[in-house]
Amino acid sequence: MRTVGFTQMSEGTREDYLLLAELEKRQMGELPDRLLTALGALENSFDGYQVSRYEHSLQAATRAHRDGRDEEYVVATLLHDLGDDLAPENHSEFAAVILRPYVRDEVHWIIQHHGVFQMYYYAHHYGGDRNARDRYRDNPHYQACVDFCERYDQSSFDPDYDTLPLEFFEPMVRRVFAKSKWS
């Protein structure tokens, strides 16, 4: 394995950083594989629903695709709950941070805030504020997030829904993550 010669970044040479750039490029190319693996791990996550979080994610993405949404939106929908296991208190932000360099601002905002918006459907059942989303009412993406939650998130817990398999979405994931808008 090739490694840099420094033990402190301030001591790195041009050659060291060119090596790291080369290795980082390979690492970035493998990002879709890591994301798909992480999504698959949701198969054994969060008991209690009639479908797993993995199936929920596929079902939500299937609905978005069948509704004619573009690839950025469909892929973001597929990955919207990716943080459920690792960041249960802020899973929306977790997924949004991953998506940020690859999707337009509206899609990023929807994913970042869907957790608060989703509370509309359940928070009042245990004393929470179902209208917490209203603090974002003046944001231009407010209604888009309301629509995301209504059409794709809250409605995707149906074990009988004709859900598309992950293999259908894999090429979309690879295309969306092929190029960062910040590169």
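Residues numbered from 1 in each chain as written. Predicted model: local features only at pLDDT ≥ 70, side-chain atom pairs only at ≥ 80, totals over all residues. Heavy atoms only, no water.

A. Main features of the overall build of the chain. Within the chain, the secondary structure is distributed over 8 helices and 0 strands. When the helices and strands of the chain are read in sequence order from the N terminus, they spell out α-α-α-α-α-α-α-α. Principal-axis analysis of the C-alpha atoms gives the chain an extent of 60 × 35 × 30 Å. For the chain, the residues scored as buried account for 42% of the 183 residues in total. A separation of at least 24 residues holds for 65% of the contacts in the chain among residues at least 6 apart in sequence. (Helix = DSSP H or I, 4+ residues; strand = E, 2+ residues; numbered from the N terminus. Buried < 20%, exposed > 50% of the residue type's maximum accessible area, 1.4 Å probe, protein only. Contact = heavy atoms within 4.5 Å.)

B. Structural context of helix 3 (residues 53-66). The end-to-end C-alpha distance of helix 3, which contains 14 residues, comes to 20 Å, matching closely the 20 Å that a straight helix rising 1.5 Å per residue would cover. In terms of residue burial, helix 3 counts as a mostly covered element, since 11 of its 14 residues are buried. Taken as a whole, helix 3 has its buried residues at R53, Y54, H56, S57, L58, Q59, A60, A61, T62, R63 and A64. Its buried side turned inward, helix 3 meets helix 2 (31-41), helix 4 (71-79), helix 7 (142-153) and helix 8 (166-176). (Expected span 1.5 Å × (residues − 1).)

C. The arrangement of a nonpolar patch on the surface in detail. A surface patch of nonpolar side chains, about 280 Å² in accessible area, is lined by M9, Y17 and L20. Position of L20 relative to the elements: it lies in helix 1 (residues 14-29). According to the relative accessible area criterion, L20 is partly exposed, its value standing at 32%. (Patch = residues over 30% accessible without salt bridge, like charges linked within 9 Å, V, L, I, M, F, W, Y side chains within 5 Å. Areas by Shrake-Rupley, 256 points an atom, 1.4 Å probe, with all protein chains shown as cover. Salt bridge = Lys/Arg side-chain N within 4 Å of Asp/Glu carboxyl O.)

D. Geometry of the packing of aromatic side chains. One pass over the full model with this rule turns up 13 aromatic pairs. Ring plane angle 55 degrees and centroid distance 5.3 Å describe the contact between F117 and Y142, whose orientation is recorded as tilted. In this pair, F117 sits in helix 6 (residues 105-118) while Y142 sits in helix 7, placing the two residues 25 residues apart along the sequence. Connected via pairs of aromatic rings, a cluster forms that spans W109, F117, Y136 and Y142. Here the guanidinium or amino end of R63 rests over the ring plane of Y161, the centre of that ring lying 3.9 Å away. When the ring centre of Y73 is taken as origin, the NZ or CZ atom of R69, which lies over that ring, is 4.4 Å away. (Phe/Tyr/Trp six-rings, centres within 6.5 Å; stacked < 30°, edge-to-face > 60°. Lys NZ or Arg CZ within 6 Å of the ring centre and 35° of its normal.)

E. Quick peek at the packing of helix 2 against helix 8. Interhelical geometry of helix 2 versus helix 8 gives an angle of 145 degrees and a closest axis separation of 10 Å. Between helix 2 and helix 8 lies a crossing whose hand is right-handed. The segment helix 2 lies against helix 8, with P32, D33, L36 and L39 engaging L166, E170, V173 and R174. Counted by class, the contact of helix 2 with helix 8 contains 5 nonpolar, no polar and 3 charged residues. (Axes fitted to C-alpha atoms, helices over the stretch in contact; angles between N-to-C directions. Left-handed = near helix turned anticlockwise from the far one by under 90°. Nonpolar A, V, L, I, M, F, W, Y, C, P; charged D, E, K, R; others polar.)

F. Region of the structure containing the environment of R174. Within the secondary structure, R174 sits in helix 8. With relative accessibility at 31%, the residue R174 sits in the partly exposed group. Those residues in contact with R174 that lie beyond four places of it in its chain are P32, D33 and L36. At 2.5 Å, the side chain of R174 forms a polar contact with the side chain of D33. (Polar contact = N/O pair within 3.5 Å; in protein donor to acceptor, adjacent residues only side chain to side chain.)

G. Representation of the side chain of S57 within the structure. Tracing the backbone shows S57 in helix 3. Owing to a relative accessible area of 0%, S57 belongs among the buried residues under this scheme. Only 2.8 Å separates the side chain of S57 from the backbone oxygen of R53, close enough to count as a polar contact.

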